[in-house]
Amino acid sequence: MKQKMISSGFSFSDGEQVLVSVQRPIGIVLEQELSSGPIFVVEVDPSGSAADAGVKEGDVLLAVQNASVQNIDLEEVLAFIGNAPRVVNLRFLRKS
């Protein structure tokens, strides 16, 4: 189990999934190839709170505020993140 304290919250990893609490602006670019396919992190701003929490390019977004975003269009997910409180909880799948 690996934990890292950050100013905007925390990150927790069980080796496969990563849970982060980050302040907005988050500092990531997300991409989805198909309208209901997986949502990938394609860029992480090194000065953003997501980078501080350990989010990496290639991570797959699974949930926002503990609600699954699998099979949901990226535009809906971005709106959900935009309407979240200042601190956003995100869960990612990290493939080794």
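Now for a look at the structure at hand. The structure presented is a predicted model; accordingly, all values stated were derived computationally and were not measured. (Residues numbered from 1 in each chain as written. Predicted model: local features only at pLDDT ≥ 70, side-chain atom pairs only at ≥ 80, totals over all residues. Heavy atoms only, no water.)

## Some words on the overall build of the chain
Item 1. Summing up its helical and strand segments, the chain has 2 helices and 8 strands in all.
Item 2. Across the chain, helices and strands are ordered from the amino to the carboxyl terminus as β-β-β-β-β-α-β-β-α-β.
Item 3. Of the contacts formed within the chain by residues at least 6 apart in sequence, a portion of 53% connects residues at least 24 apart.
Item 4. Looking at the chain as shown, the accessible area adds up to about 5,700 Å², and 51% of this sits on carbon and sulfur atoms. (Helix = DSSP H or I, 4+ residues; strand = E, 2+ residues; numbered from the N terminus. Contact = heavy atoms within 4.5 Å. Areas by Shrake-Rupley, 256 points an atom, 1.4 Å probe, with all protein chains shown as cover.)

## Some words on unusual backbone geometry
Item 1. Across the junction of Arg24 and Pro25, the peptide omega takes the value -5°, indicating a cis bond.
Item 2. Secondary-structure assignment places Pro25 in the loop between β3 (17-23) and β4 (28-32).
Item 3. Of note, the phi angle at Gln65 is positive, near 55°, even though the residue is not glycine.
Item 4. In this fold, Gln65 is placed in the loop between β6 (60-64) and β7 (67-68).
Item 5. Classification of Gln65 by relative accessible area gives partly exposed; the value is 26%. (Buried < 20%, exposed > 50% of the residue type's maximum accessible area, 1.4 Å probe, protein only.)

## A closer look at the nonpolar core
Within soluble globular proteins, side chains that are nonpolar generally end up buried alongside one another.
Item 1. Grouped together as the largest cluster of nonpolar side chains are 21 residues, with contacts concentrated most on Val20, Leu61, Val64, Leu90 and Phe92.
Item 2. Of all the secondary structure elements, the ones that give two or more residues to this core are β3, β5 (39-44), α1 (49-53), β6, α2 (74-82) and β8 (87-93).
Item 3. Apart from the residues within four sequence positions on either side, Val64 is in contact with Val69, Val77, Phe80, Ile81, Val88, Asn89 and Leu90. (Core = buried A, V, L, I, M, F, W, Y, C linked by side-chain atoms within 4.5 Å.)

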